[in-house]
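Residue-level structure breakdown
These are the residues of each chain, in order.
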Amino acid sequence: MTKHPLTLYLAAPRGFCAGVDRAIKIVEMALEKWGAPVYVRHEIVHNKYVVDGLRNKGAVFVEELENCPDDRPVIFSAHGVPKSVPAEAKRRDMVYVDATCPLVSKVHIEAQRHAEAGLQMIMIGHKGHPETVGTMGQLPDGEVLLVETVEDVANAQVRDPDRIAFVTQTTLSVDDTKDIVLALQKRFPNIVGPHKEDICYATTNRQEAVKAVAPMSDALLVVGAPNSSNSRRLVEVASKAGCNYAQLVQRAENIDWRALEGIGSVAITAGASAPEILVNEVIQAFRDRFDVTVELVETAEENVEFKVPRVLRQPA
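Residues numbered from 1 in each chain as written. Predicted model: local features only at pLDDT ≥ 70, side-chain atom pairs only at ≥ 80, totals over all residues. Heavy atoms only, no water.

Points about the layout of surface pockets
- Considering only enclosed or pocket space, the largest pocket measures out at about 150 Å³ in volume.
- Forming the boundary of the largest pocket are N47, K48, Y49, D52, G224, A225, Q250, R251, E253, N254 and L278.
- A total of three residues in the lining of the largest pocket trace back to one element, the largest contributor, which is helix α2 (residues 48-57).
- Looking at side-chain class alone, the lining of the largest pocket contains three nonpolar, four polar and four charged residues. (1 Å grid on protein atoms, 1.4 Å probe; cavity = no way out; pocket = protein on both sides within 12 Å on 5 of 7 lines; lining within 4 Å. Points joined across faces, edges and corners; volume = space filled by probe spheres on them. Helix = DSSP H or I, 4+ residues; strand = E, 2+ residues; numbered from the N terminus. Nonpolar A, V, L, I, M, F, W, Y, C, P; charged D, E, K, R; others polar.)

Structure follows, in structure tokens:
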């Protein structure tokens, strides 16, 4: 049977960012140094395949520190944690390693600096997301107001409109955030923003690559987890950039082949916590069904690398 021809546009950059790479390495190195089990508070990154792989090596994933014994190492996820978490780990004399992405830590430091200058903080982010919880938890309750939309900006109740600053979650849509920042600046002309964009380089680069491939594709698939903020944003960016069918898939088995009947081109990308092995799995699934031609569409090169904490580089 003759296979239908199909062009696959492979977006680049895609997949793992430096912060995710570092976080996974931290768990693997902790297991090498201290042996199993090593406890991890929350998913180290938002990807089931990655989490299951680390669990098989001896990582134990828990929701809260209270679920960890005092005598085993614990790792905090790449999304960051409220200040109360390391404080409690210290109180219990636990060995802990903070795998917070350095770009998230940068936002934490910004928030702290603004608070020390007497400014009330506004955070642009998604309610309940671990990164938002972690950043808001750097300051006392009530010191950080969360806004998710332009409407939230209009309703924000601040102490002093001339004494506020803002930070953002690192995995948001660049375009959507721009509108919220403009609304903040319009309502609070003296608001202080970050010296450098809070949305991380990897989020921005992956969104730019999607904007390049979306208009030329009949469909676009984002390989990523449903609880991954940056992956979900890529689907939204693709739809806004003119792709009629944009979907998030965890694995090749999640592809809705009926929705792709009769199409000539599909773009593929992956969220920052999705490993390349899952992208290859999706490509293979297309090869099994179509006569595939793969074209790489690269909009930026990435060579960022973050060091793991010193404690893991030292012998046990």
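Moving on from the coordinates now.
Digging into the environment of R72
- You can see R72 is positioned in the loop between β3 (59-62) and β4 (74-76).
- Separated by 69 residues in the primary sequence, R72 and K3 place their C-alpha atoms 54 Å from one another.
- Dropping the residues within four chain positions of it, R72 is found in contact with W34, G35, A36, P37, Y39, M94 and V95.
- Polar contacts involving the side chain of R72 include one to the main-chain carbonyl oxygen of W34, which spans 3.0 Å.
- Among the polar contacts listed, one links the side chain of R72 to the backbone oxygen of P37, at a separation of 2.8 Å. (Contact = heavy atoms within 4.5 Å. Polar contact = N/O pair within 3.5 Å; in protein donor to acceptor, adjacent residues only side chain to side chain.)

A look at the nonpolar core
- Residues V27, I44, V45, L54 and I75 are the most contacted members of the largest nonpolar core, which totals 31 residues.
- Secondary structure elements with two or more residues in this core: α1 (18-34), β2 (38-41), α2, β3 and α4 (102-116).
- It is α1 that contributes the most residues to this core, eight residues altogether.
- With 23 residues, the next largest nonpolar core counts V249, I255, I263 and A270 among its residues. (Core = buried A, V, L, I, M, F, W, Y, C linked by side-chain atoms within 4.5 Å. Buried < 20%, exposed > 50% of the residue type's maximum accessible area, 1.4 Å probe, protein only.)

Digging into empty space enclosed by the protein
- A complete count under the given rule lists three cavities of 30 Å³ or more for this structure.
- Computed from the structure, the largest cavity encloses a volume of approximately 250 Å³.
- Around the largest cavity, the lining comprises 20 residues; the ones closest to its centre are C17, V20, H79, T171 and N230.
- For the lining of the largest cavity, the elements supplying multiple residues, two or more each, are α1 and α9 (229-240).
- The residue makeup of the lining of the largest cavity, split by class, is eight nonpolar, eleven polar and one charged.

Some points on the packing of α1 against α2
- Two numbers describe how α1 lies on α2: the axes approach to 10 Å, and their chain directions differ by 5°. Here α2 runs roughly parallel to α1, going by the angle between their axes. On the side of α1, the interface is formed by I24, V27, E28 and L31, while α2 contributes V50, L54 and K57.
- Considered class by class, the residues forming the contact of α1 with α2 number five nonpolar, no polar and two charged. (Axes fitted to C-alpha atoms, helices over the stretch in contact; angles between N-to-C directions. Parallel < 35°, antiparallel > 145°, perpendicular 65-115°, else oblique.)

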